[in-house]
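What the coordinates show
Listed here are the chains, written in short residue letters.
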Amino acid sequence: MRTYTTLIIDDERLAREEVRRALGRYPEFEIVGEANNANKALDLIEACQPDIIFLDIHMPGKSGFDLLEEFTTVPEVVFTTAYDQYAVQAFEVNALDYLVKPLREERFAKTIEKVKLELKKKEEEPKVPMASHQKIFIKDGEKVYFIALAEISLIESMDNYARLYFGDKKAMIKRSLNQLEEKLDPNTFFRANRGQIINTEYIKQIHPYFNNKLQLVLTTGEKIDLSSRQTVKFKKRNSL
């Protein structure tokens, strides 16, 4: 039986236990950890790379929405909350479902079916990146562009949107960096940090930076700071 690794993230112990009990009826979901705040959750997510997280919205410090903005790789998300007014915002960040506490068995069962269907679909989807010469259609307000991916030098995260830089122009599209990263050719595009993807063909200079990190200067003039984790990946990616 295929198992799906699962994290439960909620600042209330009783709420975490409620989700754990509900998942107990579905042995294919393996709970690999719990977190009571966003910082601990981020560490667990990076360490475990779970298939699915059950995430509370209201937590001390950072909310569930704040946590999602810090992901470099986003697992599937089911929000669990005592409040129902955030449903629209939850689906805007591509959550699979939105459960209001206390959890109802029948409603939870429908969520599990939805999760299993989505995870199975992801497994079956061929992950073939788009070629750099492929052209894409961009509509930003009243402006329309039809450009090759190779023309894009930089992509920046702007909440639920991404800003694309090409030539002397820039445009916004309603996509997250994680969604774009899945489609882009990893031989050409590189995730510099949580908020930026660069086209490596536009790298002009590389400089050492604070704490053994790297700073890249693009031919377009932008200076891009690699995160510590991505600095390590960049060095491995470009070494013999």
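Presented here is a report on the structure given in the accompanying data block. (Residues numbered from 1 in each chain as written. Predicted model: local features only at pLDDT ≥ 70, side-chain atom pairs only at ≥ 80, totals over all residues. Heavy atoms only, no water.)

Counting 20 residues, the largest nonpolar core has Ile-9, Ile-45, Ile-53, Leu-55, Leu-67, Val-77 and Phe-79 as the members making the most contacts within it. By residue number, the principal contributor to this core is helix 2 (residues 38–48), which donates 5 residues. (Core = buried A, V, L, I, M, F, W, Y, C linked by side-chain atoms within 4.5 Å. Buried < 20%, exposed > 50% of the residue type's maximum accessible area, 1.4 Å probe, protein only. Helix = DSSP H or I, 4+ residues; strand = E, 2+ residues; numbered from the N terminus.)

Considering all chains together, one arrives at 15 salt bridges under this definition. Residue Lys-101 pairs with Asp-10 through a salt bridge whose shortest N-O separation is 2.7 Å. Of the two residues, Lys-101 sits in the loop between strand 5 (97–100) and helix 5 (105–124) while Asp-10 sits in the loop between strand 1 (4–9) and helix 1 (13–23), which places them 91 residues apart along the sequence. Neither residue differs from the other here; Lys-101 and Asp-10 are each classed as buried. One network of salt bridges, with partners in common, ties together Arg-2, Asp-51 and Glu-123. (Salt bridge = Lys/Arg side-chain N within 4 Å of Asp/Glu carboxyl O.)

Moving on, we get to the sheet that holds strand 14 (residues 214–218). Reading across the sheet, the 3 strands line up as 13-14-15 and stay open at both edges, with antiparallel pairing between neighbours. Each edge of the open sheet carries a strand with a single partner, namely strand 13 (203–208) and strand 15 (223–225). Between one strand axis and the next, the sheet turns through 25 degrees on average, direction left out of account. Against the sheet, helix 7 (residues 228–237) engages strand 13 and strand 14, with an angle of about 70 degrees to strand 14. (Pairing = 2+ DSSP bridges. Axes fitted to C-alpha atoms, helices over the stretch in contact; angles between N-to-C directions. Contact = heavy atoms within 4.5 Å.)

You can see Lys-204 is positioned in strand 13. Using a relative accessible area of 58% as the deciding quantity, one classes Lys-204 as exposed. On a C-alpha basis, the gap between Lys-204 and Gly-24 in space is 53 Å, while along the polypeptide they are 180 residues apart. For Lys-204, the residues in contact, after removing those within four places along its chain, are Val-217, Leu-218 and Thr-219.

Further remarks concern the environment of Met-172. On the secondary structure map, Met-172 appears in strand 10 (residues 169–173). A relative accessible area of 25% places Met-172 in the partly exposed class. The spatial distance from the C-alpha of Met-172 to the C-alpha of Leu-226 is 23 Å, given a sequence separation of 54 residues. Apart from the residues lying within four places of it in its own chain, the contact partners of Met-172 are Lys-139, Asp-140, Met-158, Tyr-161, Ala-162 and Arg-163.

Turning our eyes to something else, we now look at the side chain of Glu-18. Looking at the element boundaries, Glu-18 is found in helix 1. This buried residue, Glu-18, is left without a salt bridge; Arg-21 holds the nearest opposite charge, at 5.7 Å. If sequence neighbours within four positions are ignored, Glu-18 has contacts with Lys-101, Pro-102 and Leu-103. (Lys, Arg positive; Asp, Glu negative; His and termini not counted.)

Every buried residue of helix 7 is listed here: Gln-230, Thr-231 and Phe-234. The buried residues of helix 7 occupy an angular sector of 110 degrees when projected down its axis, which confines them to one face. (Arc of directions from axis to C-beta.)

This paragraph deals with a nonpolar patch on the surface. A contiguous nonpolar surface patch, about 350 Å² in accessible area, is contributed by Phe-137, Val-144 and Phe-146. Here Phe-137 shows up in strand 6 (residues 135–140). Under the relative-accessibility criterion, Phe-137 is labelled exposed at 57%. (Patch = residues over 30% accessible without salt bridge, like charges linked within 9 Å, V, L, I, M, F, W, Y side chains within 5 Å. Areas by Shrake-Rupley, 256 points an atom, 1.4 Å probe, with all protein chains shown as cover.)

Below, the discussion takes up unusual backbone geometry. Geometrically, the link from Lys-101 to Pro-102 is a cis peptide bond, its omega value of -5 degrees lying close to zero. In the Ramachandran plot, Gln-49 falls in the positive-phi region, its phi being about 45 degrees despite a non-glycine side chain. Mapping Gln-49 onto the fold places it in the loop between helix 2 and strand 3 (52–56). Unlike most non-glycine residues, Asn-211 shows phi in positive territory, near 55 degrees.

Applying the stated criterion across every chain, the model contains 7 aromatic pairs. For the pair Tyr-26 and Phe-108, a centre-to-centre distance of 6.2 Å together with 40 degrees between the ring planes defines the contact as tilted. Of the two residues, Tyr-26 sits in the loop between helix 1 and strand 2 (29–35) while Phe-108 sits in helix 5, which places them 82 residues apart along the sequence. The residues Tyr-26 and Phe-108 share a single accessibility class, namely buried. An aromatic cluster is built from Tyr-26, Phe-54 and Phe-108, whose rings are joined through pairwise contacts. (Phe/Tyr/Trp six-rings, centres within 6.5 Å; stacked < 30°, edge-to-face > 60°.)

So far we have only geometry, and geometry alone does not tell us how the molecule works.
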